Each structure stands twice: as C-alpha cells, then as structure tokens.
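Overview (structure and organization)
Okay, here's what each chain looks like letter by letter:
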Amino acid sequence: MYNYIKALHIIFIVTWFSGMFYIVRLFVYNAEANEKQEPEKTILRNQYSIMIKRLWFGITWPSAILTLIFGPWMWYLFGSLPLWLMVKISFVLGLYIYHFTLHAIYKQQSKGIFKYTSRQLRIWNEVATIFLIAIVMLAVVKDSMSWLWGIIGLVLFVILLMSAIKVYKLIRDK
C-alpha cells in the first residue's frame, strides 16, 4: 500500500508544481496585457482570466490538497520521522506559504489590481524552482547528503538563477 500512496503523492506533487509554474507565467502575461491598448488589453485580460481561474481551481489547488493528504499518509505508513524528513517538511511548509502568496496574487489580478511588474513576477516564478530542488534533493539523497554542500549548492543555484534572469532581461530589452 505504501508504494501506491507514494506514487499518488508524487503524481500530485508534479501536477501541483506544474500548476504553480504555469500560473505565474499567466500572471506575467496578464500583467503585460494590462499595459496594452484597447481592445487588445480587454481581449487578452479576459482570456487570461479564464485560463488562470481554470488552472488555479481545476489543477493547482486540488493538487496542493491531495499532496497534503497523501504526504502525511505516506509519513504515517513510513512510521518514523528522520532528520531529512523534518527538514523536507520545513521546505514543504515554505512551499505552501509560497502557494498562498500566489493565491493572493490571483485574487489581486482577478480584481484588476496589478501590484507586481512582469519582471517581479518572473523572479517570483523561480522561487518554486528553488523549493523543488531542495525538496527533491532531500527526498532522494536523504542521509548521505552533506548538509554543508547541499546548502552551498542551493545558494550557488540561486545566484546562477538570478544571474540568468538578469542576462535574459538584457537580451529581451535589446
């Protein structure tokens, strides 16, 4: 039974992350559409609003809830709480906080409030990538992972990611 619960947990993690990655891209496009002239602005915003709502409530939220059901169920069947799992759970809690920030952005944009630029949203989109790497590394490498090297690797990845965003902006602005 454990492997079936684990498989379902992984499936819903994948769909949850897919939803979080794509929703922020849609937020970016919606914010950029808001800067267009009429009638293009209204046409794009109406289409993005439909896509955002369907993705958020049809895929992302259900996946987040099912991940939250199957994760603790798997933990219960596993029977213990090793250190790596405690650290992983702390990253997962951070991921749920990130999810709630996306919900706040969803609510703002659905009311026509655009507090964040497309560039800020592009950067915010990468936060999920950081959580994904940390969580997967902890789940797969577990106890054999050197904490020091793991933290150094994550910090270096964040620096590389932010540098890539700056380079992309320079290329896009040309």
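Above: the structure in question.
A brief report on the enclosed structure follows. On a predicted model such as this, the values are computed, not experimentally measured, just so you know.

Quick word on the overall build of the protein
When helices and strands are counted, the protein shows six helices and zero strands. Taken from the N to the C terminus, the helices and strands of the protein come in the order α-α-α-α-α-α. Relative to its 174 residues, the protein shows a buried fraction of 34%. Here the analysis covers contacts within the protein between residues at least 6 apart in sequence; of these, 82% occur between residues at least 24 apart. Counting every atom, the protein has about 10,600 Å² of accessible surface; 71% of that belongs to carbon and sulfur.

A word on the environment of glutamine 120
Here glutamine 120 is to be found in helix α4 (residues 118-125). Within the structure, glutamine 120 has its side chain in polar contact with the backbone nitrogen of threonine 117 (distance 2.8 Å).

Let's talk about empty space enclosed by the protein
Going through the model one piece at a time under the given rule, you end up with one cavity of 30 Å³ or more. For the largest cavity, the calculated volume is near 40 Å³. As for the largest cavity, its lining consists of Ile105, Gln108, Gln109, Ile113, Phe114, Lys115, Tyr116 and Leu121. At three residues, helix α3 (residues 83-110) tops the list of elements feeding residues into the lining of the largest cavity. Each residue belonging to the lining of the largest cavity can be placed in one class, and the counts come to five nonpolar, two polar and one charged.

The rules behind each value
- Residues numbered from 1 in each chain as written.
- Predicted model: local features only at pLDDT ≥ 70, side-chain atom pairs only at ≥ 80, totals over all residues.
- Heavy atoms only, no water.
- Helix = DSSP H or I, 4+ residues; strand = E, 2+ residues; numbered from the N terminus.
- Buried < 20%, exposed > 50% of the residue type's maximum accessible area, 1.4 Å probe, protein only.
- Contact = heavy atoms within 4.5 Å.
- Areas by Shrake-Rupley, 256 points an atom, 1.4 Å probe, with all protein chains shown as cover.
- Polar contact = N/O pair within 3.5 Å; in protein donor to acceptor, adjacent residues only side chain to side chain.
- 1 Å grid on protein atoms, 1.4 Å probe; cavity = no way out; pocket = protein on both sides within 12 Å on 5 of 7 lines; lining within 4 Å.
- Points joined across faces, edges and corners; volume = space filled by probe spheres on them.
- Nonpolar A, V, L, I, M, F, W, Y, C, P; charged D, E, K, R; others polar.

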